[in-house]
Amino acid sequence: MNVYLDNNATTPLHPEVKEAIISFLDYYGNPSSMHETGRMVKEKIEESKDIISQFLGAKKEDLIFTSCGSESNNTVLKSLLFSKNKNNQLITSKIEHPSVIETARFLKNNSIPVSFLNVDSNGLILFDELEKELSSKTGIVSIMYANNEIGTIQPIDKIASIIKEKAPEAIFHTDLVQAIGKVNINLSSLPIDTASMSAHKLYAPKGLGLLYIKDFNKMKKNFTPLIHGGHQEQGFRAGTENTLGIVALAAACKALTREMDEEIKRIKQIRDYFEFRISNEIDNIIINGKNSPRLCGTSNVTFKFVEGESILLRLDLNGFSVSTGSACSTGSLEPSHVLMALYNDPELAHGSIRFSFGRENTRDDVDKLVAVLKKEIGYLRSISPLKNK
Ligand code: PLP
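Residues numbered from 1 in each chain as written. Predicted model: local features only at pLDDT ≥ 70, side-chain atom pairs only at ≥ 80, totals over all residues. Heavy atoms only, no water.

S.K.: Any chance you could break down the packing of aromatic side chains for me, citing the residues and the numbers?
M.R.: Under the definition given, this model contains five aromatic pairs. An angle of 80 degrees between the planes, with centres 6.4 Å apart, marks the rings of Phe303 and Phe355 as edge-to-face. Placement of Phe303 in strand β10 (residues 298-303) and of Phe355 in strand β12 (residues 352-356) is noted, with a sequence separation of 52 residues between them. With respect to burial, Phe303 and Phe355 carry one shared label: buried. Ring-pair connections join several aromatic residues into one group, and the members of that group are Phe274, Phe303, Phe355 and Phe357. The ring of Phe106 has Lys78 lying over it, and the distance from NZ or CZ to the ring centre is 5.0 Å. (Phe/Tyr/Trp six-rings, centres within 6.5 Å; stacked < 30°, edge-to-face > 60°. Helix = DSSP H or I, 4+ residues; strand = E, 2+ residues; numbered from the N terminus. Buried < 20%, exposed > 50% of the residue type's maximum accessible area, 1.4 Å probe, protein only. Lys NZ or Arg CZ within 6 Å of the ring centre and 35° of its normal.)

Written out as structure tokens, the structure reads:
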């Protein structure tokens with residue numbers, strides 16, 4: 001038995017996605033080929049893009065397929081390197097995903113002015129800092145919609161109105177990788193200019209990302225492709241399309257259109273039940289980001305006096321898959337940069353576990369998890385030098 005509780009890292013394929021993949025396996029044509037074998041695939045891609053853009057509330061021509069969310073973030077931010085304007089300052093936050101933070105560091109090392117905004121102890125960016133940093137020099141503001149480690153949702157409308165007032169020319173980019181599929185999003189009415197998304201977070205396979213550029217035809221002059229070559233994706237992103245991934249993502253979007261509202265409610269109930277139980281049955285815990293709006297399935301918990309890695313390994317031995325932070329940081333023993341930004345306390349940051357619930361989880365999973373957690377946290381604390389010092 002394995003109970004998968006790491007849906008922010010990646011998601012299992014939706015059964016309808018599996019079916020769509022299997023029925024498309026024999027469509028091997030290159031969509032750029034002019035013959036029928038290629039044309040059939042091209043048609044399927046167009047049909048799929050219609051479904052995906054409808055699900056996202058976007059104009060079809062404003063969506064660019066990429067290989068992943070990281071590529072989409074890189075594409076937008078690295079455009080600052082080639083910007084002919086002097087207004088090329090990047091403003092971002094200290095809790096972004098590494099695909100934004102590391103790109104920002106790279107830009108900084110290449111003479112682009114970068115500001116990293118602090119967050120409060122609930123994980124929300126400090127608006128007075130944003131106001132202070134914004135100026136006519138600001139090129140891009142990149143603030144994630146929802147955080148992958150603690151699930152906090154930033155007030156995008158408020159951020160957009162501050163940007164509009166202080167730096168109306170600046171581009172507002174948001175990383176939507178964690179929000180899509182967990183929050184109802186309509187891209188056309190969201191007050192942002194560009195956004196990144198990733199198929200594997202919404203029950204489709206890995207290897208497909210999306211970049212949204214609002215009013216693409218008017219705005220594309222502000223961005224530089226990351227990958228040059230063929231004419232795919234309106235000449236903006238070269239490379240033969242991930243046809244199987246695109247068809248799979250369309251199947252996921254179709255299923256989510258039907259199921260998402262109910263699933264958001266159901267998953268939130270499971271997450272809230274989990275937090276209710278551990279708050280009552282395990283002492284010395286902190287539920288990180290609890291006081292701000294959060295993604296329905298994310299619960300990030302600090303268990304004081306124990307190391308997150310030890311908890312993760314012991315839960316794994318008991319058949320529960322969880323994570324200590326973003327999957328990309330796993331393997332590094334650095335404390336989570338997100339929790340460090342919240343508390344600036346390595347001990348609290350080290351003892352945290354991210355539980356992320358998804359469409360396959362049930363209340364029964366929580367009952368089993370809480371029983372194991374009580375036993376394992378009790379054991380780890382009994383041998384913890386931190387508890388006994
Ligand atoms: N942004 C956020 C908030 C994420 O959680 C992730 C993945 O965990 C990414 C970007 C990167 O997406 P991908 O794995 O498709 O590169």
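What follows continues from the structure just given.
S.K.: Any chance you could break down a nonpolar patch on the surface for me, citing the residues and the numbers?
M.R.: A cluster of nonpolar side chains, namely Leu81, Phe82 and Phe106, defines an oily patch on the protein surface of about 270 Å² accessible area. Among the structural elements, Leu81 can be located in helix α3 (residues 69-82). Leu81 sits in the partly exposed class, given a relative accessible area of 31%. (Patch = residues over 30% accessible without salt bridge, like charges linked within 9 Å, V, L, I, M, F, W, Y side chains within 5 Å. Areas by Shrake-Rupley, 256 points an atom, 1.4 Å probe, with all protein chains shown as cover. Salt bridge = Lys/Arg side-chain N within 4 Å of Asp/Glu carboxyl O.)

S.K.: Pulling in residues and values, what's your account of the sheet that holds strand β4 (residues 114-117)?
M.R.: One open sheet accounts for seven strands, arranged β2-β8-β7-β6-β5-β3-β4; its pairing is mixed. Whereas interior strands pair on both sides, the edge strands pair on one side only; in this sheet they are β2 (63-66) and β4. When strand polarity is set aside, the average angle formed by the axes of neighbouring strands in this sheet is 20 degrees. Pairing geometry for strand β5 (residues 138-142) and strand β6 (residues 171-175), over three bridges, is parallel. Bridge assignment links Ile140 to a residue of β6, and that residue is Ile171. With respect to the sheet, helix α2 (residues 36-56) is in contact with β2, β7 (194-198) and β8 (209-213), its orientation differing from that of β2 by roughly 115 degrees. Lying on the sheet, helix α6 (residues 156-166) is in contact with β5 and β6; it crosses β6 at an angle near 160 degrees. (Pairing = 2+ DSSP bridges. Axes fitted to C-alpha atoms, helices over the stretch in contact; angles between N-to-C directions. Contact = heavy atoms within 4.5 Å.)

S.K.: Now, about α6: what can you tell me, with residues and values included?
M.R.: Among all positions in α6, only Ile156, Ile159, Ala160, Ile162 and Ile163 are buried. An end-on view of α6 places all buried positions within 160 degrees of arc, on one side of the element. Across from the buried face of α6, at angles greater than 90 degrees, the exposed residues are Asp157, Lys164 and Glu165. Where α6 is buried, its residues meet α5 (127-133), β5 and β6. (Arc of directions from axis to C-beta.)

S.K.: Account for the side chain of Ser142, naming residues and giving values.
M.R.: Looking at where Ser142 falls in the secondary structure, it is placed in strand β5. Setting aside residues no more than four positions away along its own chain, Ser142 makes contact with Leu77, Leu90, Ile91, Thr92, Ser93, Glu96, Val100 and His173.

S.K.: So, the site of the ligand: which residues are in play, and what are the values?
M.R.: For the ligand, the set of nearby residues contains 14 residues, the closest of which are Ser70, Asp175, Gln178, Ser198 and Lys201. In this structure, an oxygen atom belonging to the ligand sits 2.8 Å away from a side-chain N or O atom of Gln178. In this structure, Ser198 approaches the ligand through a side-chain N or O atom, which is 2.6 Å from an oxygen atom. For the ligand, the accessible surface in isolation is 390 Å², of which the surrounding protein chains cover 91%. The element contributing the most residues to the shell around the ligand is α3, with three residues. Class assignment for the residues of the shell around the ligand results in three nonpolar, nine polar and two charged. (Near = heavy atom within 4 Å. Polar contact = N/O pair within 3.5 Å; in protein donor to acceptor, adjacent residues only side chain to side chain. Nonpolar A, V, L, I, M, F, W, Y, C, P; charged D, E, K, R; others polar.)

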